[in-house]
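# What the coordinates show
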Amino acid sequence: SVMERDRQGPDPRYSNAPPPSLDVYQFIWDRTRMIRKDFILQNYIGTGGRCNAIATRCHERIARWHAMCEHQLSHLEDFVTMQSQQNIQELGQTMKTLNQYYDDAMGRSVLEVAEGDVEVDDDAASSSLKKENYIHGCQSNVVLGASPVDYSGSPMKNDDGVNRNRLVGNENNNHVSCGTAEPEMRGLYILLTMNNDGGMEVLKYVGKLCEQRPEIFRSKPVQLALRIFQAKKEHNYARFFSIMKSPSTPYLFACIMFKHVEQMRKIAFRIMSRTIGYRNRRKDTGEYIHINDSYPLSDLVELLCFEDLDEARAACRHYNITTKEEVPASGGDAVDIIYWRASDFRESKDPKKGTTLPLKPRKMVRIIETKLNGATRLAVCRGEVSGEGAMLAKRLSSSPKNALVATAAVVAQT
């Protein structure tokens, strides 16, 4: 698979060295962009045009690819400075098209088709046989060629005998969602648009979901996305990072949350510098005495999901937070202690331009990449790590053409 070519060892086309990860990304970005445009040229636009499960699955895989790359390539300076914004734009366009498919008036986003664009009807025995033997894209369950090795040197799981539990594949041919994952994608869209119009876009979006698609609104991915949105909106950094490192938070959700890590850490430093500890004034000299404002740096590493003490220490310097190395009263090795009340929170600025300098977070291998559990990029794009509830458990109507009517009936009963 070309998606893993940079992690499969030497390539003769690159002087027997692995191709740069950014080259692989740009190669695939160019192809997926053309695929999306081709769907548009063929009038796959949802209501008023064409729509089926194949187009939906294809766009979902493209969306997973862009969401995954947003974090997987965050250790590359060229990607962060030149490609990340473009990557988010492509993800946004893909999600916009998916919303059009999901909102199709005839409910065709889960309508399977066989070769020659012949619609497969669940009520026809002959068609169900076609559906049973239908292949969701490539028939290979593993990455072809050499087994990929992660950037850390750990081998990826690329054994055909492993229980995949993927959304896209033969095992989900007879599932009501036909390998599509509307709840997952709706949740990712909420995370992607949290900053739009001060959060108003999310509120309008979920309001529409609650009214027109209650089963999607109540799904686990959408409810998780709303909890993340609420934590960010309330500046609740502790809850935000707690959700991020929770084992129940899917990998791709964490990849999108990574875009907000810099902002949430800055909020955390500002709040903690003003609220932790207190100070009294001595009656004789009028001098302020700082009391109970010490805080172990190791606790900050866990609270704000830093990779290690070095990253946390660098963040403290960036925000002008005082740290000291001290030996505990009980003895042992010296540890870093933060003194909040002895600090004056201040963002670092460019000495020449006077502009505020950003503090880009390091790639979060310890918190985010471990959620992969060895899954390859192929597995991610096919939904192997999409988490519980990514697909609808049941369809409201046996016929996609009646899905809108069935949804309206559910709304009327609530």
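Because the structure is a prediction, the values reported are computed rather than measured.

## Here we look at the side chain of Gln8
- Here Gln8 shows up in the segment before helix H1 (21-41).
- Assessed through its relative accessible area of 11%, Gln8 is described here as buried.
- Within polar-contact distance, the side chain of Gln8 engages the backbone oxygen of Leu144 at 2.9 Å.
- A polar side-chain atom of Gln8 sits 2.5 Å from the main-chain carbonyl oxygen of Ala146.

## Describing the layout of surface pockets
- Computed from the structure, the second largest pocket encloses a volume of approximately 470 Å³.
- Considering the residues around the second largest pocket, the lining is formed by 22 residues, among which Val80, Ser84, Lys259, Lys360 and Pro361 are closest to the centre.
- Within the residue set of the lining of the second largest pocket, elements represented by two or more residues are helix H3 (77-102) and helix H11 (261-275).
- The leading source of residues in the lining of the second largest pocket is H3, at 10 residues.
- Taken together, the residues that form the lining of the second largest pocket break down as seven nonpolar, eight polar and seven charged.

## Some remarks on the pattern of salt bridges
- If you walk through the whole model with that rule in mind, you get 27 salt bridges.
- Asp11 serves as the salt-bridge partner of Arg5, at 3.3 Å between the closest nitrogen and oxygen.
- Exposure remark for Asp11: the relative accessible area of 1% places this residue in the buried category.
- We note a salt bridge from Glu70 to Lys259, for which the minimum N-O separation is 3.2 Å. Pair noted here: Glu70 is in helix H2 (residues 53-72) and Lys259 is in the loop between helix H10 (251-257) and H11, with a separation of 189 residues, a long-range link.
- You can call Glu70 buried: its relative accessible area is 3%.
- For Lys259, a relative accessible area of 38% translates into the label partly exposed.
- Through salt bridges with shared partners, one network takes in Asp103, Glu182, Arg186, Lys208, Arg213 and Glu215.

## Some points on the packing of aromatic side chains
- The final tally for this structure, using the stated rule, is eight aromatic pairs.
- Ring geometry for Tyr189 and Tyr205: centres 4.7 Å apart, planes at 45 degrees, overall tilted. A residue pair is termed long-range when its members are at least 10 positions apart, and Tyr189 in helix H5 (residues 182-192) and Tyr205 in helix H6 (residues 200-212) qualify at 16 residues. By the burial criterion, Tyr189 is buried, and Tyr205 matches it.
- A ring pair is formed by Phe269 and Tyr319, whose centres lie 5.1 Å apart and whose planes are at 35 degrees; its orientation type is tilted.

## Section: the pairing of strand S7 (residues 335-339)
- Counted residue by residue, S7 has four buried out of five residues, so it is predominantly covered.
- Sheet topology note: the strand S5 (residues 294-296)/S7 ladder contains three bridges and is antiparallel. Across the sheet, Tyr295 pairs through a bridge with Ile338, a residue of S7.
- Across five bridges, the pairing between strand S6 (residues 322-326) and S7 is antiparallel.

## Remarks on the packing of H5 against H6
- Axis separation between H5 and H6 bottoms out at 9 Å; the angle between their running directions is 160 degrees. The angle between H5 and H6 falls in the class roughly antiparallel. You can see that H5 and H6 cross each other, and the crossing is left-handed. Residues Arg186, Tyr189 and Ile190 of H5 form the contact with H6, whose own contacting residues are Glu201, Val202, Tyr205, Val206 and Leu209.
- Grouping the amino acids of the contact of H5 with H6 by side-chain chemistry returns six nonpolar, no polar and two charged.

## Concerning the confidence of the model for the chain
- On average, residues of the chain score 85 in pLDDT, and 82% of them are at 70 or above.
- Contacts from residues 118-129, a stretch scored under 50 in pLDDT, to residues over four places away or in other chains number 17 contacts.
- For residues 397-414, every residue scores under 50 in pLDDT, and the model assigns this stretch 23 contacts once sequence neighbours within four places are set aside.

## A few points about the sheet that holds S7
- Here three strands make up an open sheet; going across it, the order is S5-S7-S6 and the pairing antiparallel. Edge strands, defined here as strands with exactly one partner in the open sheet, are S5 and S6. Sheet twist, expressed as the average angle between the axes of neighbouring strands with direction ignored, equals 35 degrees.

## Digging into the side chain of Gln83
- With respect to the helices and strands, the residue Gln83 is situated in helix H3.
- For Gln83, a relative accessible area of 10% corresponds to the buried category.
- In contact with Gln83, other than residues within four places in its own chain, are Leu22, Tyr25, Gln26 and Asp78.

Conventions we followed
Residues numbered from 1 in each chain as written. Predicted model: local features only at pLDDT ≥ 70, side-chain atom pairs only at ≥ 80, totals over all residues. Heavy atoms only, no water. Helix = DSSP H or I, 4+ residues; strand = E, 2+ residues; numbered from the N terminus. Buried < 20%, exposed > 50% of the residue type's maximum accessible area, 1.4 Å probe, protein only. Polar contact = N/O pair within 3.5 Å; in protein donor to acceptor, adjacent residues only side chain to side chain. 1 Å grid on protein atoms, 1.4 Å probe; cavity = no way out; pocket = protein on both sides within 12 Å on 5 of 7 lines; lining within 4 Å. Points joined across faces, edges and corners; volume = space filled by probe spheres on them. Nonpolar A, V, L, I, M, F, W, Y, C, P; charged D, E, K, R; others polar. Salt bridge = Lys/Arg side-chain N within 4 Å of Asp/Glu carboxyl O. Phe/Tyr/Trp six-rings, centres within 6.5 Å; stacked < 30°, edge-to-face > 60°. Pairing = 2+ DSSP bridges. Axes fitted to C-alpha atoms, helices over the stretch in contact; angles between N-to-C directions. Parallel < 35°, antiparallel > 145°, perpendicular 65-115°, else oblique. Left-handed = near helix turned anticlockwise from the far one by under 90°. Contact = heavy atoms within 4.5 Å. pLDDT = per-residue confidence, 0-100.

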